[in-house]
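Per-entry structural report
Listed here are the chains, written in short residue letters.
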Amino acid sequence: KLFFTDYGNAAKVERCDMDGMNRTWIVDSKIEQPTALALDLVNKYVYWVDIYLDSVEVVDYQGRKRHTITKGRQIRHLCGLTVFESYLYTVNSDNFNILRVNRYNGTDVQSLARLDNAKEIHVYQKRTQTAVRSHACEVDPYGMPGGCSHICLLSSNYKARTCRCRTGFILGSDGRSCK
């Protein structure tokens, strides 16, 4: 799944398949400017920063179990968000400090370091990376991903795919080639 935020006409947190299908709103109320987003892949939670409400909140993948992690002046102007073990890590865009926040109760907010012009933060941990398995977008014997001449996007599961074309091309009737 692909998770993303939108704060256009109606602010929300959404998810969809990698090909853009099955778009679902998981948060669409009491939200103003969701920016940074982080996933807890193990427990299936979505965390986000709302820079208008000065808050960090969380829901499960279905939009249930919503609660506020922390709110207020202490966490203003945050950008970038990642989760690692018991903590959320984020960047304060005013002073470029890396902050650590207890993700269960919002306590123990600590400034860890300052990095000039930091805007994003990511943690990569081997045990949270999904195992690579055979999938529908693997390169075929002709060198085409999933048999698609341009772009292969996974659909609702790793066995299904959708072919797309680069800008200026049209998908052929075979659903694979671009013209």
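Quick caveat, the model's predicted, so the values are computed rather than measured. (Residues numbered from 1 in each chain as written. Predicted model: local features only at pLDDT ≥ 70, side-chain atom pairs only at ≥ 80, totals over all residues. Heavy atoms only, no water.)

**A short note on the sheet that holds strand S11 (residues 110–114)**
Here we have four strands laid out as an open sheet, ordered S8-S9-S10-S11, and antiparallel in their pairing. Looking along the sheet, the strands with just one partner apiece sit at the ends: strand S8 (78–84) and S11. Across the sheet, the mean angle from the axis of one strand to that of its neighbour is 25°, orientation sign disregarded. In this sheet, strand S9 (residues 87–92) lies alongside S8 in antiparallel orientation, the contact comprising six bridges. Within S9, the position partnered with Leu-81 by the bridge is Thr-90. (Pairing = 2+ DSSP bridges. Helix = DSSP H or I, 4+ residues; strand = E, 2+ residues; numbered from the N terminus. Axes fitted to C-alpha atoms, helices over the stretch in contact; angles between N-to-C directions.)

**Looking at the state of the cysteines**
All told, the structure shown has three disulfides when counted by the stated rule. Between Cys-137 and Cys-152 runs a disulfide, and the two sulfur atoms are separated by 2.0 Å. Negative torsions about the S-S bond denote left-handed disulfides, and the value of about -80° found for Cys-137 with Cys-152 makes this one left-handed. With Cys-137 in the loop between S11 and strand S12 (151–154) and Cys-152 in strand S12, the pair connects residues that are 15 residues apart, well separated along the chain. Note on Cys-137: relative accessible area 12%, which makes it buried. Taking relative accessible area as the criterion, Cys-152 reaches 15% and is therefore assigned buried. (Disulfide = S-S within 2.5 Å. Buried < 20%, exposed > 50% of the residue type's maximum accessible area, 1.4 Å probe, protein only.)

**Here's the deal with the nonpolar core**
Membership of the largest hydrophobic core comes to 14 residues, with the highest contact counts inside it found for Tyr-47, Val-49, Val-56, Ile-69, Leu-78, Leu-81 and Leu-88. Looking at this core, the elements that each hand over two or more residues are strand S4 (34–40), strand S5 (45–50), strand S6 (55–60), S8 and strand S10 (97–102). In this structure, Tyr-47 is in contact with Ala-36, Leu-37, Ala-38, Asp-40, Glu-57, Val-58, Ile-69, Leu-81, Val-83, Leu-88 and Arg-103, ignoring residues within four places of it in sequence. Within the second largest apolar cluster, 10 residues are counted, among which are Ala-11, Val-13, Ile-26 and Val-27. (Core = buried A, V, L, I, M, F, W, Y, C linked by side-chain atoms within 4.5 Å. Contact = heavy atoms within 4.5 Å.)

**What to know about the side chain of Asp-54**
The residue Asp-54 is located in the loop between S5 and S6 in this model. For Asp-54, the residues in contact, after removing those within four places along its chain, are Thr-70, Lys-71, Gly-72, Ile-75, Arg-76 and His-77.

**Thoughts on the sheet that holds S4**
The strands making up a sheet associate through hydrogen bonds between their backbones, and the pairing can be parallel or antiparallel. Judged by pairing direction, the sheet is antiparallel, and its four strands sit side by side in the order S4-S5-S6-S7 without closing on themselves. Looking at strand neighbours, the two that pair on one side only are S4 and strand S7 (67–71), the edges of this open sheet. Across the sheet, the mean angle separating the axes of adjacent strands is 20° when strand polarity is ignored. Pairing between S6 and S7: four bridges, direction antiparallel. By the bridge assignment, Val-56 is partnered in S7 with Thr-70.

**Structural notes on the pairing of S12**
In this sheet, strand S13 (residues 161–164) lies alongside S12 in antiparallel orientation, the contact comprising four bridges. From the neighbouring strand, Ile-151 faces S13, where its bridge partner is Arg-164. Hairpin remark: S12 followed by S13, antiparallel, with six residues in the connecting loop.

Taken by themselves, the reported measurements are silent on function.
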